[in-house]
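Reading the structure
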Amino acid sequence: MNSTAVIAIHGGAGTILRTSLSPEAEAQYHEALRDILLAGQRVLADGGGALDAVAEAVRLLEDCPLFNAGHGAVLTADGTHELDASIMDGRTLEAGAVCCVKRVRNPVLAARRVLECSEHVLFAGEGAEAFAVAQGLELVESAYFHTDTRYRQWQLAREQQRAMLDHDGATLAAKAQPRGAASVAREAPLPHEPIDPNRKFGTVGAVALDTHGHLAAATSTGGITNKRIGRVGDSPLIGAGCYADDATCAVSTTGSGEMFIRMVAAYDVAAQIAYRGVSLEDAAADVVMNRLPRIDGRGGLIAVDTKGNVTLPFNTEGMYRGFAHVGAAPVTAIYR
Ligand code: ASP
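Residues numbered from 1 in each chain as written. Predicted model: local features only at pLDDT ≥ 70, side-chain atom pairs only at ≥ 80, totals over all residues. Heavy atoms only, no water.

The name given to the protein chain in an unreviewed UniProt entry is Isoaspartyl peptidase, and the organism recorded there is Paraburkholderia solisilvae.

Rendered as structure tokens:
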């Protein structure tokens, strides 16, 4: 038995402004992170596998409206939701993922079914939903994913895009009208707006080391606000947004997905440990602080290794994050 068992989670990185997050909102985030860490910690304390712990933690993060995954996911340019998720088992290197799903309540559970019940790794769109249905997973109406906060972020992102990219603003605005766009489009950002909508980041993830010495990672997201239909980021891509190998580490990322894909960010942490023999902390710091910034990659990651080391680096102003060793109180943080 391994007493260094630990779970770490993130709820997205970005321009999380100390000044705009009220003490009440801040407390809400800490409480949500803490509760979810406690749930994951319980799985590990009961002898559950790392895969069970990360799936449960990410399921709870998806259900929590504060975070950009599942209920509370951001909106696409068409005002819809397209969700991505992935999961990987460090024991066997088996992995599962889904992308562009619109009705699966918990995309991470669909990703896990792909891992456990199919010979494939990634299902997209309608095929992913058909697979989820065949697996008996819960589907929901798209309204389930909606929150007013994300809707306002979407409105702001659209306004900004119209100004910056000179898009066809009239068409965009007209499309938004039926959902009450005119009344909310001119609103200032909410005083408790957690993440600067100009930065648009947010995703959830978990990594864990279980009492048997095995690692796992999972990541889930709504993507980036106002993304084009069909756009897929790093989160469902094994090696970019999620990676786990008992020989090195487990990693879940959050940030500007395109850059994380180009840097194969999650796998790079593992590869640096394997090929350069560096520590978990040094490998993760190199990816987040040196390599990603070379191509303007913004965000962060969480990682654990089989010794129970945990690292949570980010190059943005903040990242919702926390970790909990079995038998110890959870630690949560938002800012630097
Ligand atoms: N990495 C995610 C994506 O690009 C977004 C995020 O982490 O906020 O879809």
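From this point, the discussion proceeds with the structure in view.
Observations regarding the site of the ligand
Taken together, 11 residues lie near the ligand, and Gly202, Thr203, Arg231, Asp234 and Gly255 sit nearest. With respect to the ligand, the side chain of arginine 231 contributes an N or O atom lying 2.8 Å from an oxygen atom. Separating an oxygen atom of the ligand from a side-chain N or O atom of threonine 254 is a distance of 2.8 Å. In terms of residue class, the shell around the ligand is made up of one nonpolar, eight polar and two charged. (Near = heavy atom within 4 Å. Polar contact = N/O pair within 3.5 Å; in protein donor to acceptor, adjacent residues only side chain to side chain. Nonpolar A, V, L, I, M, F, W, Y, C, P; charged D, E, K, R; others polar.)

Regarding the sheet that holds strand β3 (residues 94–101)
Hydrogen bonding along the main chain pairs the strands of a sheet, whether they run parallel or antiparallel. An order of β4-β3-β2-β6-β5-β1-β11-β12 is seen for the eight strands of this open sheet, with the pairing classed as mixed. Lying at the two open borders of the sheet, with one neighbouring strand each, are β4 (122–124) and β12 (331–335). With direction set aside, neighbouring strand axes in the sheet form an average angle of 10°. As defined by bridge partners, strand β11 (residues 318–325) adjoins β12 across four bridges and the pair is classed as antiparallel. Pairing of glycine 318 across the sheet is with tyrosine 335, part of β12. Packing against the sheet, helix α1 (residues 23–45) makes contact with β1 (6–14), β5 (204–209), β11 and β12, and its axis sits at approximately 145° to β12. Across the face of the sheet, helix α2 (residues 50–63) comes into contact with β1, β2 (83–89), β5 and β6 (215–221) while running at roughly 160° to β5. (Pairing = 2+ DSSP bridges. Helix = DSSP H or I, 4+ residues; strand = E, 2+ residues; numbered from the N terminus. Axes fitted to C-alpha atoms, helices over the stretch in contact; angles between N-to-C directions. Contact = heavy atoms within 4.5 Å.)

Things to note about the UniProt feature "binding site: substrate" (unreviewed entry) in the protein chain
Under the UniProt annotation, "binding site: substrate" (unreviewed entry) lies at Arg231, Val232, Gly233, Asp234, Thr254, Gly255, Ser256 and Gly257. With respect to the secondary-structure elements, valine 232 resides in the loop between β6 and β7 (242–244). Apart from the residues within four sequence positions on either side, valine 232 is in contact with Asp84, Cys99, Cys100 and Ile261. Take aspartate 234: it is sitting in the loop between β6 and β7. What makes aspartate 234 buried here is its relative accessible area of 3%. Residues contacting aspartate 234, with those up to four places away along its chain left out, are Ala240, Gly241, Thr253, Gly255, Gly257, Phe260 and Ile261. (UniProt positions renumbered as here; feature names shortened; annotations may be inferred. Buried < 20%, exposed > 50% of the residue type's maximum accessible area, 1.4 Å probe, protein only.)

Considering the pattern of salt bridges
All chains considered together, the criterion is met by 12 salt bridges. Note that arginine 103 and glutamate 129 form a salt bridge whose closest N and O atoms lie 3.4 Å from each other. Of the two residues, arginine 103 is situated in the loop between β3 and α3 (107–117) and glutamate 129 in helix α4 (residues 125–134); the sequence distance between them amounts to 26 residues. Among the residues examined, glutamate 129 registers a relative accessible area of 9% and is labelled buried. Among the salt bridges present, the one from arginine 291 reaches aspartate 268, with a minimum N-O distance of 2.8 Å. Of this pair, arginine 291 sits in helix α10 (residues 280–294) while aspartate 268 sits in helix α9 (residues 265–276), placing them 23 residues apart in sequence. Given a relative accessible area of 27%, arginine 291 falls into the partly exposed group. Each of Glu56, Arg59, Asp63, Arg105 and Glu138 takes part in a single network of salt bridges with overlapping partners. (Salt bridge = Lys/Arg side-chain N within 4 Å of Asp/Glu carboxyl O.)

A look at the environment of threonine 80
Mapped onto the elements of the fold, threonine 80 is located in the loop between α2 and β2. The class of threonine 80 is partly exposed, set by a relative accessible area of 30%. In this structure the C-alpha to C-alpha distance between threonine 80 and alanine 143, which are 63 residues apart in sequence, comes to 9.2 Å. Only 2.6 Å separates the side chain of threonine 80 from the side chain of threonine 76, close enough to count as a polar contact.

Concerning the pairing of strand β9 (residues 299–304)
Across the six residues of β9, six count as buried, placing the element largely inside the fold. Side chains of β9 alternate between two faces, with Gly299, Leu301 and Ala303 and Gly300, Ile302 and Val304 buried alike. By the bridge criterion, six bridges tie strand β8 (residues 250–255) to β9 in an arrangement that is antiparallel. Its bridge partner lying in β9, glycine 255 is registered against glycine 299. Where β9 and strand β10 (residues 310–311) come together, two bridges link them in antiparallel fashion. Considered in β10, the bridge of valine 304 is made with valine 310. Once β9 ends, the chain turns through five residues before running back antiparallel as β10, passing glycine 308 with a positive phi of about 90°.

Describing the nonpolar core
The tendency in soluble globular proteins is for nonpolar side chains to be buried as a group. Formed by 50 residues in total, the largest nonpolar core has its most connected members in Ile7, Ile9, Leu21, Phe67, Ile87 and Tyr320. In terms of residue count, α2 provides more of this core than any other element does, eight residues in total. Contacts of phenylalanine 67, omitting those with residues within four sequence positions, involve Gly11, Tyr29, Ala32, Leu33, Leu61, Gly72, Ala73, Arg150, Val204 and Tyr320. Counting residues in each nonpolar core, the second largest holds 37 residues, with Val6, Leu215, Ala217 and Leu312 among its members. (Core = buried A, V, L, I, M, F, W, Y, C linked by side-chain atoms within 4.5 Å.)

Focus on the packing of aromatic side chains
A complete count under the given rule lists seven aromatic pairs for this structure. Arranged with centres 4.3 Å apart and planes meeting at 10°, the rings of tyrosine 29 and tyrosine 320 form a pair that is stacked. One end of the pair, tyrosine 29, is in helix α1; the other, tyrosine 320, is in strand β11, and 291 residues separate them in sequence. By relative accessible area, tyrosine 29 is classed as buried at 4%. With a centroid separation of 5.1 Å and 80° between ring planes, the pair formed by tyrosine 243 and tyrosine 267 is classed as edge-to-face. Taken together, the positions of tyrosine 243 in strand β7 and tyrosine 267 in helix α9 put the pair 24 residues apart, joining distant regions of the chain. (Phe/Tyr/Trp six-rings, centres within 6.5 Å; stacked < 30°, edge-to-face > 60°.)

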